[in-house]
Amino acid sequence: MQDVRDALYVGQRSDGTLTRRPMSPHLQVYRFRLSMFLSIANRAAGVAAAGGSALGLCWISAAAKGPKSFSKVQKVTGNPLGQLVLAGWALALVYHFVAGLRHLAWDSGYRFDKKEINEDGPVAVGVTVGTTLALVAGILGVAICRSRKKAS
Amino acid sequence: MSNPHKPHVKVMRSQLSRARGLGSAQTGVAHWWAERASAVALVPLSGWFVIQVFRLAGASQPEVAKWGARPLNATMMLSLVILTFYHTQLGLQVIIDDYVHGKAHLPAGLLMKGIVFLLGLFGTVSVLKLALAGSSRGRIAAG
């Protein structure tokens, strides 16, 4: 034993004899792969989508409360900074949706080979960015058109 | 057990009770399965919600209230809110299982469940208020 930390890696075989447990190298040892970023990004996107959903409750509760509260929420959704947060929420939701569909495919036994996973990664990124941009632009466009119609 | 030199565990329990304690608890995949089932349910609900956002973008409060008073919208919205926060709780529990160790693990999970439960209930009550406010207004007008 050269390092005291080795003591933590002593394990027992099922017959009771002692053995050294294998040590896995730390994250920075590995070469960067897109799939490892997409994996942790899915988890982060899930947390961000949950946080956004908690904020989204403000919208539905304000609508239930009355016009006064609702106009407060509209001030946030009309503000560029608020719209940036909403776009971020949309990005998190869309990516979590896309990655979730990939997970469901993997669970069913499809596209789970190394080659297929590496092929699908960039596609997932493209679909996520494209869908998010289309959604944000579309919703913003509809909202602007509608408020202009009301004003005139 | 025939080899006296090999260490082995001696127990005073019957072999049956030992096997019961060691065996599957029958719920090993329950959490995983619940996560997938709620995810599958959220796919069409999310699609429905995107359509509703396009319908409601830039809408005023009376318009949203009118939308929320429709039973179909209220049903879909309730399903969406309940399943979203149920799925959130399942997902955050996995993250806590992965990163929070030792004594803090149980309180962290309970705190997260409490917060997510309250958020989900808050959304549910809001949707119900929108859904039922219309009918009560009708009753006042009729009475």
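Here the structure is a predicted model, which is why all the values come from computation and not from measurement.

### Quick word on the overall build of chain A
Here's step 1: For chain A, the helix and strand inventory stands at four helices and two strands.
Here's step 2: Along chain A, helices (α) and strands (β) appear in the sequence β-β-α-α-α-α when read from the amino end.
Here's step 3: Relative to a compact globule of 152 residues, whose C-alpha radius of gyration would be 15 Å, chain A shows 24 Å and is clearly more extended.
Here's step 4: With the principal axes as the frame, chain A shows a C-alpha extent of 80 × 35 × 30 Å.
Here's step 5: Across the 152 residues in chain A, those meeting the buried criterion constitute 26%.
Here's step 6: Of all intrachain contacts in chain A linking residues separated by at least 6 positions in sequence, the fraction that spans at least 24 positions is 51%.
Here's step 7: Here chain A has roughly 10,600 Å² of accessible surface; of this, 66% comes from carbon and sulfur atoms.
Here's step 8: Treating the 19 positive side-chain charges of chain A as one cloud and the 8 negative ones as another, the clouds have centres 22 Å apart.

### Details of the UniProt feature "transmembrane region" (unreviewed entry) in chain B
Here's step 1: With numbering matched to this structure, UniProt assigns "transmembrane region" (unreviewed entry) to residues 77-96 and 108-132 of chain B.
Here's step 2: Along residues 77-96 of chain B one finds 100% helix and 0% strand; the C-alpha atoms at either end are 28 Å apart.

### Some points on the interface of chain B and chain A
Here's step 1: Counting residues at the interface gives 37 residues for chain B, matched by 32 residues for chain A.
Here's step 2: Taken together, both faces of the contact between chain B and chain A bury some 2,800 Å²; the carbon and sulfur share is 71%.
Here's step 3: Three residues, Phe54(B), Ala57(B) and Gln61(B), lead the burial of chain B against chain A; their summed loss comes to 20% of the area buried on that side.
Here's step 4: Summed over the shared surface of chain B and chain A, the result is three salt bridges.
Here's step 5: Notably, a salt bridge pairs Arg43(A) with Asp98(B), separated by 2.8 Å at the nearest N-O pair.
Here's step 6: Along the contact surface separating chain B from chain A lie 11 residue pairs in polar contact (both at pLDDT 80 or more).
Here's step 7: Listed by contribution, the elements that provide at least two residues to the side of chain B that touches chain A are helix H2 (30-56), helix H3 (61-69), helix H4 (71-99) and helix H5 (105-142) of chain B.
Here's step 8: Looking at side-chain class alone, the side of chain B that touches chain A contains 22 nonpolar, nine polar and six charged residues.

### Observations concerning the side chain of Arg36(B)
Here's step 1: Tracing the sequence through the fold places Arg36(B) in helix H2.
Here's step 2: The exposure class of Arg36(B) is buried, given its relative accessible area of 17%.
Here's step 3: When near neighbours in sequence (up to four residues on either side) are disregarded, Arg36(B) contacts His103(A), Leu104(A) and Asp107(A).

### Remarks on the pattern of salt bridges
All names here are of chain A.
Here's step 1: In the structure shown here, the tally under the stated rule is seven salt bridges over all chains.
Here's step 2: Residue Glu-116 is joined to Arg-111 by a salt bridge in which the shortest nitrogen-to-oxygen separation is 3.7 Å.
Here's step 3: Of the charged contacts in the structure, one is a salt bridge between Lys-115 and Glu-119, with a shortest N-O distance of 3.1 Å. Of this pair, Lys-115 and Glu-119 both sit in helix H4 (residues 114-151), four residues apart, which is roughly one turn of the helix.
Here's step 4: Its relative accessible area of 62% is what places Lys-115 among the exposed residues.
Here's step 5: A single salt-bridge network, built from bridges that share partners, covers Arg-111, Lys-115, Glu-116, Glu-119 and Asp-120.

### Re the packing of helix H1 (residues 34-65) of chain A against H4(B)
Here's step 1: For the pair H1(A) and H4(B), interaxial distance at closest approach is 10 Å and the crossing angle is 140 degrees. One finds that H1(A) runs oblique with respect to H4(B). Once H1(A) is placed against H4(B), the crossing between them reads as left-handed. When H1(A) is examined against H4(B), the residues Ile40(A), Arg43(A), Val47(A), Ala50(A), Ser53(A), Ala54(A), Leu57(A) and Ile60(A) are found in contact with a partner set consisting of Met77(B), Thr84(B), Phe85(B), Thr88(B), Leu92(B), Val94(B), Ile95(B), Asp98(B) and Tyr99(B).
Here's step 2: Within the contact of H1(A) with H4(B), the residues separate by chemical class into 12 nonpolar, three polar and two charged.

### A look at the environment of Lys72(A)
Here's step 1: Structurally, Lys72(A) is set in helix H2 (residues 67-78).
Here's step 2: With relative accessibility at 60%, the residue Lys72(A) sits in the exposed group.

### Topic: a nonpolar patch on the surface
Here's step 1: On the surface, Leu27(A), Val29(A), Tyr30(A), Phe32(A), Leu34(A), Met36(A), Phe37(A), Ile40(A), Val125(A), Val129(A), Leu133(A) and Tyr99(B) cluster together into a nonpolar patch covering about 1,200 Å² of accessible area.
Here's step 2: Within the residue set of the nonpolar patch, elements represented by two or more residues are H1 and H4 of chain A.
Here's step 3: Take Ile40(A): it is sitting in helix H1.

### Observations concerning a positive patch on the surface
Here's step 1: Together, Lys65(A), Lys68(A), Lys72(A), Lys75(A) and Lys129(B) give the surface a local cluster of positive charge.
Here's step 2: Top contributing element to the positive patch by residue count: H2(A), with three residues.
Here's step 3: Checked against the element boundaries, Lys129(B) lands in helix H5.

### Regarding the packing of aromatic side chains
Here's step 1: Taken as a whole, this structure holds four aromatic pairs over all chains when the rule is applied.
Here's step 2: Both rings, one in Trp59(A) and one in Trp67(B), keep their centres 6.3 Å apart while their planes meet at 55 degrees; by these two values the pair is tilted. Placement of Trp59(A) in helix H1 and of Trp67(B) in helix H3 is noted, with the two residues assigned to different chains.
Here's step 3: Take Trp59(A): its relative accessible area is 22%, and that puts it in the partly exposed class.
Here's step 4: On the basis of relative accessibility, which here comes to 5%, the residue Trp67(B) falls in the buried class.
Here's step 5: Arranged with centres 6.3 Å apart and planes meeting at 20 degrees, the rings of Trp32(B) and Trp33(B) form a pair that is stacked.
Here's step 6: Members of the aromatic cluster, joined through ring pairs, are Trp59(A), Trp48(B) and Trp67(B).

Criteria and thresholds
- Residues numbered from 1 in each chain as written.
- Chains lettered and ligands numbered in written order.
- Predicted model: local features only at pLDDT ≥ 70, side-chain atom pairs only at ≥ 80, totals over all residues.
- Heavy atoms only, no water.
- Helix = DSSP H or I, 4+ residues; strand = E, 2+ residues; numbered from the N terminus.
- Rg over C-alpha atoms; globule rule 2.2 N^0.38 Å.
- Buried < 20%, exposed > 50% of the residue type's maximum accessible area, 1.4 Å probe, protein only.
- Contact = heavy atoms within 4.5 Å.
- Areas by Shrake-Rupley, 256 points an atom, 1.4 Å probe, with all protein chains shown as cover.
- Lys, Arg positive; Asp, Glu negative; His and termini not counted.
- Charge placed at Lys NZ, Arg CZ, Asp CG, Glu CD.
- UniProt positions renumbered as here; feature names shortened; annotations may be inferred.
- Buried area = accessible area lost by both parts, 1.4 Å probe.
- Salt bridge = Lys/Arg side-chain N within 4 Å of Asp/Glu carboxyl O.
- Polar contact = N/O pair within 3.5 Å; in protein donor to acceptor, adjacent residues only side chain to side chain.
- Nonpolar A, V, L, I, M, F, W, Y, C, P; charged D, E, K, R; others polar.
- Axes fitted to C-alpha atoms, helices over the stretch in contact; angles between N-to-C directions.
- Parallel < 35°, antiparallel > 145°, perpendicular 65-115°, else oblique.
- Left-handed = near helix turned anticlockwise from the far one by under 90°.
- Patch = residues over 30% accessible without salt bridge, like charges linked within 9 Å, V, L, I, M, F, W, Y side chains within 5 Å.
- Phe/Tyr/Trp six-rings, centres within 6.5 Å; stacked < 30°, edge-to-face > 60°.

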